[in-house]
Amino acid sequence: MKVCIFCGSSMGNDVRYQEAAAHLGEVLAQNDCTLYYGGGNIGLMKIIADKMIEKGKEVIGIITKGLIDMELAHDNITKLVEVETMSERKLMLINDSDSFIAMPGGFGTLDELFEIVVLNQLCITDKPVALYNTLNYYDKLIDFIDHAVSEGFIRKEHRDNIIVSDNPEVLFKELSRHKSIDIKQWIEDIKEESR
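Residues numbered from 1 in each chain as written. Predicted model: local features only at pLDDT ≥ 70, side-chain atom pairs only at ≥ 80, totals over all residues. Heavy atoms only, no water.

Peer 1: With reference to specific residues and values, describe the pairing of strand β2 (residues 34-37).
Peer 2: Neither face of β2 is exposed, since T34 and Y36 on one face and L35 and Y37 on the opposite face are all buried. This β-α-β element, strand β1 (residues 2-6) to helix α1 (residues 15-30) to β2, shows right-handed connectivity. Across three bridges, the pairing between β2 and strand β3 (residues 59-64) is parallel. Across the sheet, residue L35 finds its bridge partner in β3, namely V59. (Buried < 20%, exposed > 50% of the residue type's maximum accessible area, 1.4 Å probe, protein only. Helix = DSSP H or I, 4+ residues; strand = E, 2+ residues; numbered from the N terminus. Right-handed = clockwise from strand over helix to strand, strands pointing away. Pairing = 2+ DSSP bridges.)

Peer 1: Outline the packing of α1 against helix α2 (residues 43-54), supporting the account with residue identities and numerical values.
Peer 2: Across the interface, α1 lies against α2 with an axial gap of 8 Å and an inter-helix angle of 35°. The interaxial crossing formed by α1 with α2 has right-handed handedness. Taken together, the residues of α2 that come into contact with α1 (itself represented by Y17, Q18, A21, A22, L24, G25, E26, L28 and A29) are L44, I47, I48, K51 and M52. (Axes fitted to C-alpha atoms, helices over the stretch in contact; angles between N-to-C directions. Left-handed = near helix turned anticlockwise from the far one by under 90°. Contact = heavy atoms within 4.5 Å.)

Peer 1: I'd like a rundown of the nonpolar core, residues and numbers included.
Peer 2: Membership of the largest hydrophobic core comes to 29 residues, with the highest contact counts inside it found for I5, L24, L28, L35, I101 and M103. Contributions of two or more residues to this core are made by β1, α1, β2, α2, β6 (129-132) and α8 (168-176). Here this core takes seven residues from α1, the largest share from any one element. Setting aside chain neighbours within four positions, we find L24 in contact with I5, I48, I101, M103, Y132 and P168. Counting 22 residues, the second largest nonpolar core, distinct from the first, contains F6, L119, L131 and I142. (Core = buried A, V, L, I, M, F, W, Y, C linked by side-chain atoms within 4.5 Å.)

Printed below as a string of structure tokens:
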């Protein structure tokens, strides 16, 4: 399985975030996965890439020329692909990966996460998405999404399509069992409620 990891370019304020990144790398390596990620040599992304390389697994990084020029690229991974824009970077990560896990991160991580969630919602892609909820990092985001469901702006089946766990073994198992959502039903429902 080709797994794309979205995660922080920072290490976080608690060493347990770093330990969780290393643990996730162990689990992906044990399951013979290929890692796709943003190509950086900083933050949590460095930790997971280093762990996969240490275990002899393939690591593909996709990074912009601007970030390479800032000397943020990982020089020791299997393959580093240079692109011009962040949009190209996301498109390649989305197209080339089979599944996605968002670790704790900032605006960039959230941007990448929601892009794939929306593409799945519209059935432009059909690839499983998970939140690695280390130290309950995503609890408030999950609460907000649940609030949007209760207010009628997000459908429950789309919320349920996001896998959430603080256990990487559970995440991998759930990603492997992913089943797609029928887009036709929810499209008909929103047409009906708009009449």
